[in-house]
Amino acid sequence: MKKIQMVDLQGQYSKIKDVVDSSIAEVMESAAFINGPKVHQFQKNLEDYLGVKHVIPCANGTDALQIAMMGLGLKPGDEVITADFTFAATVEVIALLQLTPVLVDVDPVTFNIDVEAIKKAITPKTKAIVPVHLFGLPAEMDAIMALAKEHDLYVIEDNAQAIGASYTHNDGSKTKAGVIGHVASTSFFPSKNLGCYGDGGAIFTNDDDLAHKIRGIVNHGMYERYHHDVVGVNSRLDSMQAAVLDAKLPNLDTYNTARRRAARQYNEAFKDHPNITTPTGLENGDSSDDHVFHQYTLNLEGVDRDALVSHLQEKNIPCGVYYPIPLHRQKAYKDERYNEADFKVTNELVTSVISLPMHTELDDEQINYITDTVLNFINGNN
Ligand SMILES: *Cc1c(COP(=O)(O)O)cnc(C)c1O
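Calculation rules
- Residues numbered from 1 in each chain as written.
- Predicted model: local features only at pLDDT ≥ 70, side-chain atom pairs only at ≥ 80, totals over all residues.
- Heavy atoms only, no water.
- UniProt positions renumbered as here; feature names shortened; annotations may be inferred.
- Domains from an automatic or database assignment.
- Contact = heavy atoms within 4.5 Å.
- Buried area = accessible area lost by both parts, 1.4 Å probe.
- Salt bridge = Lys/Arg side-chain N within 4 Å of Asp/Glu carboxyl O.
- Polar contact = N/O pair within 3.5 Å; in protein donor to acceptor, adjacent residues only side chain to side chain.
- Helix = DSSP H or I, 4+ residues; strand = E, 2+ residues; numbered from the N terminus.
- Nonpolar A, V, L, I, M, F, W, Y, C, P; charged D, E, K, R; others polar.
- Axes fitted to C-alpha atoms, helices over the stretch in contact; angles between N-to-C directions.
- Left-handed = near helix turned anticlockwise from the far one by under 90°.
- Near = heavy atom within 4 Å.
- Areas by Shrake-Rupley, 256 points an atom, 1.4 Å probe, with all protein chains shown as cover.
- Pairing = 2+ DSSP bridges.
- Buried < 20%, exposed > 50% of the residue type's maximum accessible area, 1.4 Å probe, protein only.
- Parallel < 35°, antiparallel > 145°, perpendicular 65-115°, else oblique.
- Core = buried A, V, L, I, M, F, W, Y, C linked by side-chain atoms within 4.5 Å.
- Phe/Tyr/Trp six-rings, centres within 6.5 Å; stacked < 30°, edge-to-face > 60°.

Going by an unreviewed UniProt entry, the protein carries the name DegT/DnrJ/EryC1/StrS family aminotransferase and comes from Winogradskyella bathintestinalis. Per its UniProt entry, the protein bears the Sequence similarities (unreviewed entry) comment "Belongs to the DegT/DnrJ/EryC1 family."

Now the structure itself:
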């Protein structure tokens, strides 16, 4: 059996080596390393893929979030509501811009931000909501957009984990995640569903004015050379990374299908087990894009999760705990206004979730070995 990895980027590269290498070689030969034609080409191709008017590439997913918030003109003291159960980048940039992060609980089934909790957290100072499409499953966007409209709030989708996923609206129509809110951010970190070979990110929006503003912000606040109209940043996707991404973009749907296929095999093995809750999002078949499984995460009950983690490590099965500490309990983001009783779900999930290997190269033998090892441990015959 091939060695099991959490993410198998070497295995993936070996299959697309020719096209990636020649795309990178084009950049080297052109020496257009910054803002070269590859960046523009990738931007256009991603706009077409997503069905969005503007993609603005930038240096990473954290910058993308920050720049989106700068573009919206959020001011110190403005309250921004986001999920307690996510990667720290989401709340980090809110704090960095001296906005006030307001963390709220998540839903126990989808792990996404709880709409009722958002409702309760809205105050006259609230200016924006940042739903995170956690693990590849879009948040409840119809309800979030309705709330935002009612209270005149911006919605910034953190789409770092769900590129290629679609959200099904209440009327049955579908929109790609990241094209529903006023603006969205994504990350091309190597392990993300569309990853480059270094750092990268992008901002999406259908709003022409906001797009124009953001294009200046990513480039030192310049709209005309050496005229700095606003305080900006230097955040660029370099041409080398764009070359990798443009070579990989045509495979994104195939990659997401491979992830869903692996998720289905996991779900089948764990189905109806009294101690295991498997993720939702596969109801519409492998070729649907309701959930793109950036992570495959089980919720355990009555199982010593940390002992299972150690056991899997002994059996050479890497796994992850995303995330082990709620953001509201992190030193950097503690706030006396928070009440533990408001974070019941997150406080529970941090003790009960486990993410299994998930990538595009998993084979049946590996998946069977992983599911057998997990089940043997939980059933007590390891
Ligand atoms: C990865 C990630 C980010 C940050 O992306 P970087 O490119 O690593 O800066 C932000 N939010 C979420 C939810 C992420 O998973």
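Chemist: Help me understand the domain arrangement of the protein, please; the structure alone is not making it clear to me.
Modeler: A common way to report how large an interface is uses the accessible area buried once the components associate. Per the domain assignment, the segments making up the protein are domain 1 (9–104 + 111–250) and domain 2 (251–380). Taken together, the contacts link 43 residues of domain 1 with 32 residues of domain 2. A combined buried area of about 3,200 Å² lies between domain 1 and domain 2, and 55% of that area is made up of carbon and sulfur atoms. Applying the counting rule to domain 1 against domain 2 returns 5 salt bridges. Of the charged contacts, one joins K174 and D290 as a salt bridge, the two residues approaching to 3.0 Å between their closest N and O atoms. Scanning the region where domain 1 abuts domain 2 turns up 23 residue pairs in polar contact (both at pLDDT 80 or more). It is strand 3 (residues 100–104) that contributes the most residues to the side of domain 1 that touches domain 2, 5 residues altogether. Here the side of domain 1 that touches domain 2 is built from residues that sort into 24 nonpolar, 11 polar and 8 charged.

Chemist: Just checking my understanding: could you explain the packing of helix 9 (residues 252–270) against helix 12 (residues 364–378) for this structure?
Modeler: Two quantities define a packed helix pair, namely the angle between the helix axes and the distance between the axes. For the pair helix 9 and helix 12, the least separation of the axes is 10 Å and the interaxial angle reads 35 degrees. You can see that helix 9 and helix 12 cross each other, and the crossing is right-handed. Facing R261, A262, Q265, Y266, A269 and F270 of helix 9, the residues of helix 12 in contact are D364, I367, I370, T371, V374 and L375. The residue inventory of the contact of helix 9 with helix 12, partitioned by class, reads 8 nonpolar, 2 polar and 2 charged.

Chemist: Before we go on, may I ask you to explain the site of the ligand in this structure?
Modeler: The environment of the ligand is formed by 14 residues, the closest being G61, T62, D158, S187 and K192. A distance of 2.8 Å is found between an oxygen atom of the ligand and a side-chain nitrogen or oxygen belonging to Q161. Measuring from an oxygen atom of the ligand, one finds a side-chain N or O atom of S187 at 2.7 Å. Within the complex, the protein chains bury 91% of what would otherwise be the 380 Å² of accessible surface of the ligand. When contributions to the shell around the ligand are tallied by element, the ones reaching two or more residues are helix 3 (61–71) and helix 4 (89–96). Partitioned by chemical class, the residues of the shell around the ligand number 4 nonpolar, 8 polar and 2 charged.

Chemist: Which parts of the structure should I look at to understand the sheet that holds strand 3?
Modeler: Backbone-to-backbone hydrogen bonds join strands into a sheet, with any given pair of strands oriented parallel or antiparallel. The sheet built from 7 strands is open, its strands ordered 1-9-8-5-4-2-3 with mixed pairing. Looking at strand neighbours, the two that pair on one side only are strand 1 (54–58) and strand 3, the edges of this open sheet. Going across the sheet, the axis of each strand differs from the next one's by a mean of 25 degrees, ignoring polarity. Direction of pairing for strand 4 (residues 126–130) relative to strand 5 (residues 154–158): parallel, over a ladder of 2 bridges. Along strand 5, the bridge assignment pairs A128 with Y154. Across the sheet, helix 3 touches strand 1, strand 4, strand 5, strand 8 (183–187) and strand 9 (201–205), and the angle it forms with strand 8 is around 165 degrees.

Chemist: Sorry if this is basic, but what is going on with the pattern of salt bridges here?
Modeler: Where charged atoms of side chains with opposite charge meet at close range, the side chains can pair. Following the criterion strictly, the structure yields 16 salt bridges and no others. E116 is the salt-bridge partner of K119, the closest N and O atoms lying 3.2 Å from each other. Here E116 and K119 lie together in helix 5 (residues 115–121), a separation of 3 residues that amounts to about one turn. By relative accessible area, which is 46% here, E116 ends up partly exposed. Residue K176 pairs with D289 through a salt bridge whose shortest N-O separation is 3.2 Å.

Chemist: I tried to follow the environment of G172 on my own but got confused; where do I start?
Modeler: Relative to the elements of secondary structure, G172 occurs in the loop between strand 6 (166–168) and strand 7 (174–176). With relative accessibility at 46%, the residue G172 sits in the partly exposed group.

Chemist: What exactly am I supposed to notice about the packing of helix 3 against helix 4 here?
Modeler: Running from N to C, helix 3 and helix 4 cross one another at 40 degrees; their axes reach a closest spacing of 9 Å. Considering the angle they form, helix 3 stands oblique to helix 4. Pair helix 3 / helix 4 crosses with right-handed handedness. Here helix 3 contributes T62, L65, Q66 and M69 to the contact with helix 4, which in turn contributes A89, T90, E92, V93, I94 and L96.

Chemist: Even after reading the chapter, I still don't get unusual backbone geometry, so can you show me in this structure?
Modeler: Keep in mind that most residues, glycine aside, have a negative phi and that most peptide bonds are trans. Cis rather than trans, the peptide bond between Y322 and Y323 has omega equal to 10 degrees. In the Ramachandran plot, F293 falls in the positive-phi region, its phi being about 45 degrees despite a non-glycine side chain. Counting through the fold element by element, F293 comes out in the loop between strand 12 (276–277) and strand 13 (296–300).

Chemist: Sorry, what's going on with the nonpolar core here?
Modeler: Note on soluble globular proteins: their nonpolar side chains tend to be buried together. Formed by 31 residues in total, the largest nonpolar core has its most connected members in I81, F85, V104, I113, I118 and I144. Put simply, the parts of the chain that give this core at least two residues each are strand 2 (79–83), strand 3, helix 5, helix 6 (141–151) and helix 11 (344–352). Split by domain, the residues of this core number at least three in each of domain 1 (9–104 + 111–250) and domain 2 (251–380). In this view, I113 contacts I81, T82, A83, V104, D105, V106, I118, V130, P131, A139 and I144; residues no more than four positions away in its chain are not counted.

Chemist: What am I meant to see in the packing of aromatic side chains here?
Modeler: For any pair of aromatic rings, the description consists of the separation of the ring centres together with the inter-plane angle of the planes. This model, assessed by the stated rule, comprises 13 aromatic pairs. Summarising the aromatic geometry, the rings of F111 and F135 are spaced 5.8 Å apart at their centres and angled 80 degrees between planes, so their arrangement reads as edge-to-face. Taken together, the positions of F111 in the loop between strand 3 and helix 5 and F135 in the loop between strand 4 and helix 6 put the pair 24 residues apart, joining distant regions of the chain. Assessed through its relative accessible area of 6%, F111 is described here as buried. Judged by relative accessible area, F135 falls into the buried class, the value being 2%. Among the aromatic residues, those joined into a cluster by ring pairs are F85, F87, F111, F135, Y322 and Y323.

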